[in-house]
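Examination of the molecular architecture
So the chains spell out like this:
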Number of protein chains: 2
Amino acid sequence: MAKKFVYSFGGGKADGNEKMKNLLGGKGANLAEMAGHPKLKLPVPPGFTLTTEVCTIYYENKKKYPKEVGVQVAAAIKKVEKIMGKKFGDPKDPLLFSVRSGARKSMPGMMETVLNVGLTSKTIPGMIKQTGGNERFVYDAYRRLIMMYSDVVMEKAAGIEPEEDQGIRKQLEHIMAAMKKKNGVKLDTELDAADLKELCETFKAKVKEVLGKPFPDEHMEQMWGGISAVFSSWNGKRAISYRRIEKIPDEWGTAVNVQTMVFGNMGDDSATGVAFTRNPGNGDPRFYGEYLVNAQGEDVVAGTRTPAPISAASQSEHNMELVTLEKCMPKIYKELFSFQARLEKHYRDMQDIEFTIEKGKLFMLQCRIGKRNGPAAVKMATDMFKEKLITADEAVTRVTPAQLDELLHPIVDPKAEKITKPLAKGLPAGPGGAAGQIVFTANDAVEWFNKGKKVILVREETNPEDIEGMRAAEAILTARGGMTSHAALVARGWGKCCIVGCADVHIELSRKTVVVGGKELKEGDWITLNGTKGAVYEGKLAMVDASEEGTVLEDFLKICDKVKKMGIRTNADTPKDAAKARFFGAEGIGLFRIEHMFYGEGSDQSLFLLRKMIMSNTLEERKNALSELFPYMKADIKATLNAMDGLPVTIRLIDPPLHEFVPHEEGKLKELADSLKIDMNNLAKRASALRESNPMMGHRGVRLGVTYPEVTEMQARAIIEAAAELIKEGKKATPEIMIPVVCTVAEINDQIVIIKKVHEEINKKFGKKVPLLIGTMIEIPRAALVAGKIAESAEFFSFGTNDLTQMSFGFSRDDIGGFLPDYLEKKILPCDPFQSIDEEGVGELISLGIERGRKTNKKLKIGICGEHGGDPDSIAFCYKKGMNYVSCSPFRVPIARLASARVVVETRKK
Amino acid sequence: MAKKFVYSFGGGKADGNEKMKNLLGGKGANLAEMAGHPKLKLPVPPGFTLTTEVCTIYYENKKKYPKEVGVQVAAAIKKVEKIMGKKFGDPKDPLLFSVRSGARKSMPGMMETVLNVGLTSKTIPGMIKQTGGNERFVYDAYRRLIMMYSDVVMEKAAGIEPEEDQGIRKQLEHIMAAMKKKNGVKLDTELDAADLKELCETFKAKVKEVLGKPFPDEHMEQMWGGISAVFSSWNGKRAISYRRIEKIPDEWGTAVNVQTMVFGNMGDDSATGVAFTRNPGNGDPRFYGEYLVNAQGEDVVAGTRTPAPISAASQSEHNMELVTLEKCMPKIYKELFSFQARLEKHYRDMQDIEFTIEKGKLFMLQCRIGKRNGPAAVKMATDMFKEKLITADEAVTRVTPAQLDELLHPIVDPKAEKITKPLAKGLPAGPGGAAGQIVFTANDAVEWFNKGKKVILVREETNPEDIEGMRAAEAILTARGGMTSHAALVARGWGKCCIVGCADVHIELSRKTVVVGGKELKEGDWITLNGTKGAVYEGKLAMVDASEEGTVLEDFLKICDKVKKMGIRTNADTPKDAAKARFFGAEGIGLFRIEHMFYGEGSDQSLFLLRKMIMSNTLEERKNALSELFPYMKADIKATLNAMDGLPVTIRLIDPPLHEFVPHEEGKLKELADSLKIDMNNLAKRASALRESNPMMGHRGVRLGVTYPEVTEMQARAIIEAAAELIKEGKKATPEIMIPVVCTVAEINDQIVIIKKVHEEINKKFGKKVPLLIGTMIEIPRAALVAGKIAESAEFFSFGTNDLTQMSFGFSRDDIGGFLPDYLEKKILPCDPFQSIDEEGVGELISLGIERGRKTNKKLKIGICGEHGGDPDSIAFCYKKGMNYVSCSPFRVPIARLASARVVVETRKK
């Protein structure tokens, strides 16, 4: 038997079904399913699909078809004719067809379509008769056919590649425009039947003149021309570049769907519409849609008429006064309603439906899984799970992390954004949207904020002294820095909107002005940031707050928790952040940065004491400063341990190079010099000795602990004593001490001796055994390589992927602004490695680290606490590599819960 | 049969031989060899060796001996008695013994010795008689025995661990001092027989009082006490810590050598001496040594009498007037001469010999391979190879790289250094020694140099603007920076003495003073540096120039070349350096840093144009600056290609972050602003935009090439056109373009497109095919991990181990001064990883890189061009990993030739 190349559908039957998307394309498979599935059997205009295999053979075979194709198409036409009781090419009652593409994956607008195939000088009179003498309707259809066909089929087949605006279609449009001008009318619809008839003749003459061939007046020639044009468009320029971006393989090919034409513009008993089984804008479970009486699909899209709501549930303030389909055609609405209910139940997901009513008869033209926004996705997944329509596994795959993120922050109103051109683009460092007035200094930000103003802090880059201003600002915009620069880290930690590394921002601080993408703005001017996209807009754009659906979100995340297997911790440095993270569902703290007690509100005294310690000249001076600092540190740690109520808290020993804490202000320096009883000169010398050429690779982390054992000793004492006090008070505390910047096991061993000694002392002093784990960051490439040895001493690993990425690539996160944009644009890197783990390089170090660590220490607990811990792709990677937990900023905890659930389903499938 | 625990030697026989070092220890094995080998049969005082196995069993068995040991010792004593015709403990003619340690590996001074064993109240009278009534001699021997024995044997056995200066020995020394004071004499030798006799009695009483036991008056008790004391000293504190440092396993144990006492202090027919079969100070092949008439070994060491030369060849200005052994005892000298000749021929290496003449009879007390300095080692290896005494393989193992290095630089006179305490120590960054007057600025260095003064430039750290001053200085001393800091790199490149990271150096530039290790020095004061050790001395120490032996060195390196298998290239940036390196034997340039044309002499105009390029605001401005720069660059490259005469020259495209070239001086900035027709404000802005937080990981290397393709294009054109011009002139040129700082293959591919286009253009223009390889540095950890992909595009890899070490460890080479000294002291790192490749971490990345690179590109050429390329251990590592070549600074080329020969022999052995 010959191979089957053509699959028919219609009349309650279909050769194919929904599972055959690879062969029939998405559209063809869904048409077959709707038409043929026993539980659906919907009224689909009959037709047939030429498979994607035909496309492949067509290209392999120098654009020729296997001869069976012709035979099978003829047979398929016969079947349609039988169902419809009409004949293709019949002068009396002609059947018309549409010819459309349909690839495995939707490629909207990338390939060609030809409608009204079968209109010829022979069939036009019959068509007029069949439409009750509607000559205008038929000639309008004919001129559309000529315009489309001459462009899509004939010009392309002739191999003509005209300059833009010089193609046949444009030339025909000029003719039509000239006629409208001559007749003194503006709209196409104002041309009458005679005009259109004349136009068709002029068109055909022009086509012959320009393309050297007459417009085909034979229905089968039109049909094959259309089919070939669709197959050819698979290798059109637009389609090829789209495939390259979307990574769709060239060899997939497209199917071609040939379907009976139905018309929603045949009078007031005709209509066309688009509907969704649930509201795609908010997830409301009621049927939702729009329609237009006496119209074609193009008219809905064109926007010249306002579509009416199909039902009361679909009404909005813009279409309130229009009659619903439910009222206007109650019988048809009921039928449509039952169809949609069947479809959703059958597909077990919200469906996007196109329908046409031709002279009182309902046809289903298309169904597919409907697109939806974030809040709708979360609501639908949660509702459908509760309705038992879908499983927990399915529910988590129905919401992307990006959709969930929409619920967590106010965002720029998408409608407002659609019609506004951004002034500039930067790196999307903190999510959500914000509008505010420009200020240029942290002090101004605080001052304006205190006056009740909304401000956006615009800086070259930020540093720890800007913290208060950053807190006061609605959002932060910096000209420099990458995804893990200071501004980005702080903003993400707070869930605050932030754009960094925006190279088109040029600040002139002295004049308090900034040039953004060529436009000069001054202090007080309004701008709007979309921190999810990295777009900067002039003026004050509207905001929408999608985060109201609190309980739905909670319910949804509980579903995620049923599925996920990895622990989710948070990076939190204060009791407030800890509480916030627990509210979002964090199961512990994966990164408490001890040095953060020296930044921000209420840190003045402890920062002063730290600075005193740093500037000490002798061991004795340093020890004195440390013992003054001790009670502050203990209290700070105790508060967070208490807030976590016995959940594990990983406390990282002091990490940054000391120079980072040296004050820049004259006043602070003076105070410090006085307190140390040294002169400013001497202090300046000590400060300058601390300065480093590449502080990121300088005297920091465990290196400080090795050179100043007393600093480690004091920190260990503060941590363990804080825990001991809580335990004594009858509370719970589970501290874990984490040693940063380790590159060899000898460093850990050196520090463990100090910590264990303190631990034993405190156990004895309090008469309680304080639970304690001692572990290490793996953030230096060498540490990953020698992880086997390190794991002999460490009880846990936490991958610090920020630094690991910096050193694996040799990319300073503060300096990548100079080249990363070029790297992304030239596709030298597929994405910013500080945003999503570079699996090929950094990922291999992580793999090696885990493998080697677990080999020597089977009980080793492994997590991640870099910024990647909140990135869905990276979370998936961490799960696949066997990590026990990820840790991320409080606002990313929900995303992490979702992402870690999704990867379980994804890997289970395989 | 019982296990053999005791090996006898003497009387022309020996149970053991030289191959039994593991069992008999080094000393015991050599004594056996000298005494027993048929070709030697030298007059060794007879004795026996208790094996290292006895030591092991002794410790395993709670310090008890297997009973066979007692039996075998008794038998061995009998044998000695028979040979000597004397008896141990015989009141008439007593035999005396020495008891000495002797481990597998020499542990000088770490274990105990007891001499004169066998002197008791019973044997003393007989001994006096046998020495012709020399009572003083015998009581002096007796008081020495009591002092040694009570300390080494009795106090230790009693388990007493006295405070320092409180031990029994000290107490006895006090008694002796008191007696000398009472008698009004100063020297021990001024005490007469009666004094010494009285002293022995007082000593014995004191011993009993303090240690609670009488001094043993029984010869066998003394013998066993001595043996046990030596075995016990294997686990003495000093010995244990020595073993830890030298990595000698504890389980090796020591042997004990018991040997007949012979006395060189029995009158004018007695003598003692030390000799070498060749001169250890310069390699002169004539027999060389010193002796003292009527003296013991201790007297030679004590230095109270000047030893006399054994022969004319051993004479120096210090001992010219003393009678040689050759003249004084011609017969004995002849005998000794024939013994040494036999020994050298037998051992096939220079021997260090101890001998004693007792009453006209020559005894050989010890022989071992003699230590020698660098020039001597090279000369001996070369001579012995020519004499066919040794093979080429052996010759290269006879010279260590450190010894060879001594020949390449003037060094501080070791004699002067021995008696001078350094003011401070830093990192040994540039080899050799230098003395000069302190200056604090590069300008001063040049000015003083021009006045004919020798200066040492003392700086916090150096930067490219100091180049001229560095060149003018004899040596460079910096307070900061590591082994690959700017100062270190430049100095090593020039073979100039340099010490960096000397934390004890505190400069006060305004007063032109510096405090070095607590001592304040001012401009113009003399200091001396030993750059091989990192020691800083006050004042002007004597220098010796070891580098005269040019032809010997050349001959020796030719022997190395016979053995080595790896290519040796050099890092050279100028025709002068290239010529120097070729003179030293370089086979190509492995690293020509294109940016070095902007430093140093005659670079003013090209540096100015580079700066102009950097400060350009538009592509057009930049292109103009580039085309102005082009002829300078081409000329520079052409000169070096020409100097290498067709040998391959690897040219690295511009590497440092551009900010490094921004001028610091006001004047230069003004000039630049004028030339660019912009104001200073504008220029400052542009300069500040280039500033980076961590420039080492910033916008540099290939990242510049990606963002400014025109910069790559110009460099490629300069390189290829320079080669094309030479080829057209009938000369040879083999350029290789190396792309630095690569982390992904996409970067190389991006650059290759640019370079190949230029290559084709020039081939066409000149009508010649210019040979060209395009390769990459592997200096970023990620590059090593993805080397397989990179090798698909790169034709060669050159490991840039400086940066690879920086990023693998996260150590900024400029900032490690803050913690590296502590790391080395606490043994957290075994050595400075910038000096010798860290095989565990960085080495693994290199292994992965080579393995993966060769897997996808079998023809891949692989080398190293980091500073490690001149480090012998690292060179060995590179050879073992299969590299094709190493590249190092010109002055390290001889070292590299030797090291790469030695590793061939070393790996062949296994």
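Scroll up a little and you will see the structure.
Bear in mind the structure is a predicted one, so any value in this text is a computation, not a measurement. (Residues numbered from 1 in each chain as written. Chains lettered and ligands numbered in written order. Predicted model: local features only at pLDDT ≥ 70, side-chain atom pairs only at ≥ 80, totals over all residues. Heavy atoms only, no water.)

Observations concerning the overall build of chain A
Heads up, the rule is: The helix count covers DSSP runs of H or I at least four residues long, the strand count covers runs of E at least two residues long, and both are numbered beginning at the N terminus. Three labels apply to residues, based on accessible area from a 1.4 Å probe with only protein chains included: buried if under 20% of the type maximum, exposed if over 50%, partly exposed otherwise in between. Should any heavy atoms of two residues lie within 4.5 Å, those residues are considered in contact. Reported accessibility uses the Shrake-Rupley method at a 1.4 Å probe radius. Residues are deemed covered only where the shown protein chains occlude them. We treat Lys and Arg as the positive residues and Asp and Glu as the negative residues; His and chain ends play no part in the count. Every charge is mapped onto a representative atom, which is NZ of Lys, CZ of Arg, CG of Asp or CD of Glu.
Of the regular secondary structure elements, chain A holds 35 helices and 34 strands. Oriented by its inertia axes, the alpha-carbon framework of chain A measures out at about 110 × 60 × 55 Å. Out of the 910 residues belonging to chain A, those deemed buried represent 59%. Taking all contacts inside chain A whose residues are at least 6 apart in sequence as the whole, residues at least 24 apart take part in 68%. Element-wise, carbon and sulfur atoms account for 52% of the exposed surface of chain A, whose accessible area totals about 37600 Å². Looking at charge distribution, chain A has the averaged site of its 132 positive side-chain charges lying 6 Å from that of its 122 negative ones.

Structural notes on unusual backbone geometry
Residue and element names in this part refer to chain A. A positive phi angle, near 65°, is found at K388, a position not held by glycine. You can see K388 is positioned in the loop between α13 (374-386) and α14 (392-397). Classification of K388 as exposed rests on a relative accessible area of 76%.

Digging into the pattern of salt bridges
Our working rule: Just to be clear on terms, a salt bridge is a Lys or Arg side-chain nitrogen sitting within 4 Å of an Asp or Glu carboxyl oxygen.
Going through the model one piece at a time under the given rule, you end up with 128 salt bridges over all chains. Close ionic contact of R169 of chain A with D151 of chain A constitutes a salt bridge, the shortest N to O distance being 3.5 Å. On the criterion of sequence distance, the pair formed by R169 of chain A in helix α6 (residues 168-183) and D151 of chain A in helix α5 (residues 135-157) is long-range, its members being 18 residues apart. Since its relative accessible area comes to 15%, D151 of chain A is described here as buried. Across the pair E725 of chain B and K638 of chain B runs a salt bridge, and its minimum N-O distance is 3.0 Å. Here E725 of chain B is found in helix α27 (residues 709-728), whereas its partner K638 of chain B is found in helix α23 (residues 619-644), with 87 residues between them in sequence.

With respect to the interface of chain B and chain A
Here is the rule: Once two parts are brought into contact, the accessible area they lose, counted with a 1.4 Å probe and summed over both, makes up the buried area. Between N or O atoms, a polar contact is any pair within 3.5 Å; within protein, one atom must be a potential hydrogen donor and the other a potential acceptor, and residues adjacent in sequence are included only when both atoms are from side chains. Polar here means any residue outside two lists: the nonpolar Ala, Val, Leu, Ile, Met, Phe, Trp, Tyr, Cys and Pro, and the charged Asp, Glu, Lys and Arg; Gly therefore counts as polar.
Listed per partner, the contact involves 52 residues of chain B and 52 residues of chain A. For the pair chain B and chain A, the two sides together bury roughly 4400 Å², of which 53% comes from carbon and sulfur. Looking at the side of chain B facing chain A, the largest losses of area belong to N694, M697 and R782 of chain B, adding up to 15% of the total buried there. Our enumeration of links across chain B and chain A arrives at eight salt bridges. Of the charged contacts in the structure, one is a salt bridge between R782 of chain B and E840 of chain A, with a shortest N-O distance of 3.1 Å. Between chain B and chain A we count 28 residue pairs in polar contact (both at pLDDT 80 or more) in total. Of all the secondary structure elements, the ones that give two or more residues to the side of chain B that touches chain A are α25 (680-690), α26 (702-707), α28 (745-766), α29 (781-785), α31 (801-809), α32 (820-825) and α33 (842-856) of chain B. Taken together, the residues of the side of chain B that touches chain A break down into 21 nonpolar, 13 polar and 18 charged.

Let's talk about the relation of the copies chain B and chain A
Superposition of the two copies of the chain requires a rotation about an axis and a shift along the axis. Test applied: The superposition of copies rests on a least-squares fit of C-alpha positions from residues with pLDDT of 70 or more in both.
At an RMSD of 0.4 Å, chain B and chain A line up after a rotation of 179° and a shift of 0.1 Å along the axis. Within this description, the copies of the chain are treated as partners about a two-fold rotation axis. Closest to the rotation axis within chain B is the C-alpha of N694 of chain B, separated from it by 2.0 Å. A high fraction, 100%, of the interface residues of chain B reappear at the interface in chain A, so the copies pair face to face through one surface.

Focus on the sheet that holds strand β23 (residues 519-522) of chain A
Residue and element names in this part refer to chain A. Quick note on the threshold: The pairing criterion is simple: DSSP has to find at least two bridges between the two strands. Interaxial angles span 0 to 180 degrees and are taken between N-to-C directions of axes, which are lines fitted to C-alpha atoms, for helices over the stretch in contact.
In spatial order, the strands read β21-β22-β23; together these three strands make up an open sheet with antiparallel pairing. Of all the strands in the sheet, the pair left with one neighbour each is β21 (505-508) and β23. Strand-to-strand twist of the sheet, defined as the mean angle between neighbouring strand axes without regard to direction, takes the value 20°. Pairing geometry for strand β22 (residues 513-516) and β23, over four bridges, is antiparallel. Following the sheet pairing, V515 is matched in β23 by E520.

Some words on the packing of helix α34 (residues 872-880) of chain A against helix α35 (residues 893-909) of chain A
Residues and elements named next belong to chain A. For clarity, the cut-off: Note on terminology: angles under 35 degrees are roughly parallel, angles over 145 are roughly antiparallel, angles of 65 to 115 are roughly perpendicular, and the others are oblique. Note on convention: the crossing is left-handed when the near helix lies turned anticlockwise from the far helix by less than a right angle, right-handed when the turn is clockwise.
Put simply, α34 and α35 touch, their axes get as near as 9 Å, and they point 55° apart. In terms of their interaxial angle, α34 and α35 are classed as oblique. In terms of crossing hand, the pair formed by α34 and α35 is right-handed. For the pair formed by α34 and α35, the contact residues are P872, I875, A876, Y879 and K880 on the first element and I895, A896, A899, S900, V903, V904, E906 and T907 on the second. Partitioning the contact of α34 with α35 into residue classes produces nine nonpolar, two polar and two charged.

Some remarks on the environment of A487 of chain A
Residues and elements named next belong to chain A. Here A487 lies in helix α19 (residues 486-494). What makes A487 buried here is its relative accessible area of 2%. Put simply, A487 and I467 are 20 residues apart on the chain and 9.1 Å apart in space, counted from C-alpha to C-alpha. If near-sequence neighbours (up to four positions away) are discounted, A487 is found in contact with T462, M470, I476, T478, C498 and V500.

Focus: the sheet that holds strand β9 (residues 271-276) of chain A
All names here are of chain A. Spatially, five strands are ordered β11-β10-β9-β12-β13 in an open sheet, and the strand pairing comes out antiparallel. Two strands lie at the open edges of the sheet, namely β11 (308-309) and β13 (361-369), each paired on one side alone. In the sheet, β9 pairs with strand β10 (residues 288-293) via six bridges, with the strands oriented antiparallel. When the bridges of β10 are listed, A275 appears paired with G289. Its contacts with the sheet place helix α12 (residues 330-347) against β12 (351-358) and β13, and it is angled at close to 25° to β13.

Re the packing of aromatic side chains
For any pair of aromatic rings, geometry is given as the distance between the ring centres together with the angle between the planes. The condition is simple: The rule is short: rings of Phe, Tyr and Trp, with Trp giving its six-membered ring, pair when the centres are within 6.5 Å, and they are stacked under 30 degrees, edge-to-face over 60, tilted in between. In this analysis the charged atom, NZ for Lys or CZ for Arg, is taken to sit over a ring once it is within 6 Å of the ring centre and within 35 degrees of the ring normal.
Using the criterion set out here, one finds 42 aromatic pairs over all chains in the structure. In this arrangement the basic side chain of K361 of chain A is found over the ring face of F363 of chain A, its NZ or CZ atom lying 4.8 Å from the centre.

Considering helix α3 (residues 67-84) of chain B
Residues and elements named next belong to chain B. Defined as follows: The span you would expect from a helix comes to 1.5 Å times its residue count less one.
The terminal C-alpha atoms of α3 lie 27 Å apart, and with 18 residues this matches the ideal 26 Å at 1.5 Å per residue to within 8%. When we look at burial in α3, the residues that qualify are V69, Q72, V73, A76, I77, V80 and E81. Once α3 finishes, G85 follows within two positions and takes phi at roughly 65°, a positive value.

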